[in-house]
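# Observations on the model geometry
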Amino acid sequence: MITHPSRHCTVELQALPSRIGQVRRIVSAQLRYWHMDPLIDRASLGVTELLSNVHRHAQPDKTCKVELEVLLDRLKVSVRDHDPRLPVVGDAAPLATCGRGLAMVAAMSESWGALPDGESGKVVWFTLPAPSAAPVADWDHYPRITTGEHAVRRFAEVTLVEHAVEDRRTEPAPARSAVVG
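Residues numbered from 1 in each chain as written. Predicted model: local features only at pLDDT ≥ 70, side-chain atom pairs only at ≥ 80, totals over all residues. Heavy atoms only, no water.

### Things to note about the overall build of the protein chain
Each helix and strand counted, the protein chain has 3 helices and 7 strands in total. Helices and strands appear in the protein chain in the N-to-C order β-α-α-β-β-α-β-β-β-β. Across the 181 residues that make up the protein chain, the buried fraction comes to 35%. Taking the intrachain contacts of the protein chain between residues at least 6 apart in sequence as the baseline, contacts between residues at least 24 apart amount to 61%. Only carbon and sulfur atoms are counted for the fraction: they give 55% of the accessible area of the protein chain, which is about 11,100 Å². (Helix = DSSP H or I, 4+ residues; strand = E, 2+ residues; numbered from the N terminus. Buried < 20%, exposed > 50% of the residue type's maximum accessible area, 1.4 Å probe, protein only. Contact = heavy atoms within 4.5 Å. Areas by Shrake-Rupley, 256 points an atom, 1.4 Å probe, with all protein chains shown as cover.)

### A closer look at the pattern of salt bridges
Here the structure, examined in full by the defined rule, presents 6 salt bridges. For Arg74, the salt bridge is made with Asp73, and the minimal N-O distance between the two is 2.5 Å. Judged by relative accessible area, Asp73 falls into the partly exposed class, the value being 31%. Note that Arg80 and Asp117 form a salt bridge whose closest N and O atoms lie 3.1 Å from each other. Taken together, the residues Arg80 in strand E3 (residues 74-81) and Asp117 in the loop between strand E4 (111-116) and strand E5 (122-129) connect sequence positions 37 residues apart. The class for Asp117 is partly exposed, based on a relative accessible area of 29%. Connected through shared salt-bridge partners, Glu67, Arg80 and Asp117 make up one network. (Salt bridge = Lys/Arg side-chain N within 4 Å of Asp/Glu carboxyl O.)

### Considerations on the pairing of E3
Direction of pairing for strand E2 (residues 63-71) relative to E3: antiparallel, over a ladder of 8 bridges. Counted as the bridge partner of Val66 is Val79 from E3. Turn length for the E2-E3 hairpin, with the two strands adjacent in sequence and antiparallel, is 2 residues, and the turn residue Leu72 shows positive phi of about 50 degrees. (Pairing = 2+ DSSP bridges.)

### Remarks on empty space enclosed by the protein
The rolling of a water-molecule-sized probe over the atoms marks out the regions of remaining empty space. Tallied over the full model, the rule gives 1 cavity of 30 Å³ or more. Volume-wise, the largest cavity comes out at about 30 Å³. As for the largest cavity, its lining consists of Cys9, Val11, Val23, Ile26, Val27, Val66, Glu67 and Leu68. Within the residue set of the lining of the largest cavity, elements represented by two or more residues are strand E1 (8-14), helix H1 (17-33) and E2. (1 Å grid on protein atoms, 1.4 Å probe; cavity = no way out; pocket = protein on both sides within 12 Å on 5 of 7 lines; lining within 4 Å. Points joined across faces, edges and corners; volume = space filled by probe spheres on them.)

### A closer look at the sheet that holds E1
Taken together, 5 strands build an open sheet; the order of strands is E1-E2-E3-E5-E4 and the sheet is antiparallel. The sheet terminates laterally at E1 and E4, the two strands that pair on one side only. Between one strand axis and the next, the sheet turns by 15 degrees as a mean value, whatever way the strands run. Those strands touched by H1 are E1, E2 and E3, and its axis lies near 170 degrees from that of E1. (Axes fitted to C-alpha atoms, helices over the stretch in contact; angles between N-to-C directions.)

The following block contains the structure:
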């Protein structure tokens, strides 16, 4: 169970096909950083479908924001765009080549939805249950340098001190991509 609720990552982009692949790589890297590797495939699939919908349908522009947020025991992935029209899950014909994206998001996620976002725009989101056995991160242990009690000691001792997860005040590193653009 993830107990650190302040994990948050935001990427702003134009929902173009070349950017969608880049965002998938950023999502994968961020989930690896958060030790949530089992969610990479489903989160990547969901964000691809939501960004593809922005690319195909959003007006007046394709600018959007992808947000990843760890909320206690689940990952929430949101895509915000500037088109106020809410998406509709349609019935795709058996041989149709599109029209199944939201149905896939609904099938692979724990929950999903769409809400108006301000006066002009919307947010479409889905959640995934977080892995129950997330490993303790290395940053839970900090070396503390202490000086010796006796004046005859010339070297400092290094003591490993455990800190409770709630006492951490570190910010997660932002996700970065090696892809230019």
